[in-house]
Amino acid sequence: GIDGYGSNGKWRFDYLISQYEVTQDRTASNVFVHEQSQQVMQLTAGKAVAKLIGSKRLYLNGGFRYTDLDYQVASDAVRYRHNESWLDMVAGIKFDMPLTRELILHANADIAFGSADTSHTASLALNYRINKSLSVMVKGEYMDLEYENKSLNSLDKNDNPNWFDISTSGGSIGLQVVKIW
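Small disclaimer: the values here were computed from a predicted structure and weren't measured.

Q: What is the right way to read the overall build of the chain from this model?
A: In terms of regular secondary structure, the chain is built from 0 helices and 10 strands. Walking the chain from its N terminus toward its C terminus, one meets helices and strands in the order β-β-β-β-β-β-β-β-β-β. Residue burial in the chain is summarised as follows: out of 181 residues, 32% are buried. Of the contacts formed within the chain by residues at least 6 apart in sequence, a portion of 51% connects residues at least 24 apart. A total of about 11100 Å² of accessible surface is found on the chain, and carbon and sulfur atoms cover 57% of it.

Q: Even after reading the chapter, I still don't get the nonpolar core, so can you show me in this structure?
A: Inside soluble globular proteins, nonpolar side chains tend to come together where they are buried. Counting 5 residues, the largest nonpolar core is built from Tyr5, Ala125, Met137, Val178 and Ile180. Those residues in contact with Ala125 that sit more than four places away from it in its chain are Ile104, Leu105, His106, Met137, Val138 and Lys139.

Q: Any chance you could explain the environment of Glu146 here in plain terms?
A: Position of Glu146 among the secondary structure elements: in strand S9 (residues 134-149). On the basis of relative accessible area, Glu146 is assigned to the partly exposed category, the value being 32%. In this structure the C-alpha to C-alpha distance between Glu146 and Asp117, which are 29 residues apart in sequence, comes to 5.4 Å.

Criteria and cut-off values
Residues numbered from 1 in each chain as written. Predicted model: local features only at pLDDT ≥ 70, side-chain atom pairs only at ≥ 80, totals over all residues. Heavy atoms only, no water. Helix = DSSP H or I, 4+ residues; strand = E, 2+ residues; numbered from the N terminus. Buried < 20%, exposed > 50% of the residue type's maximum accessible area, 1.4 Å probe, protein only. Contact = heavy atoms within 4.5 Å. Areas by Shrake-Rupley, 256 points an atom, 1.4 Å probe, with all protein chains shown as cover. Core = buried A, V, L, I, M, F, W, Y, C linked by side-chain atoms within 4.5 Å.

Here it is, written out as structure tokens:
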């Protein structure tokens, strides 16, 4: 994915475009989940609300998160593919704490509301700044998502009501190259 931010110390703008792909063969009552992909796009803006000793900054931020989920379920007799997407508003806090001139600790927590029943993330990252506009970051992130679409007013091609429910949570650890504008 692509992840980055720009900041002048008073304002901070973050962007994220990521894609997750999972392929697995899991048996549960002769149902096999073969593939799932999720794309997330997020744009937030934040204002520094506290500047602490040592250039530490606390930002309140808000913006939008677009999620697109595509999955395929198959059994011995049937194959079903479904795509669902939604837009949520995001609000949260970000905390930046320089440890040295090149090393910065970032902490983030946010909650999204709107279409998703529950959607929140928390992350902790260690950012090594190579130069003014490029850094390498080790990031740990936890996400919790619950989304349900009860579109009983719309029917699929076989006149069955559309119903979609997802509940997932988990963490990830990754290495990122970050372009700083």
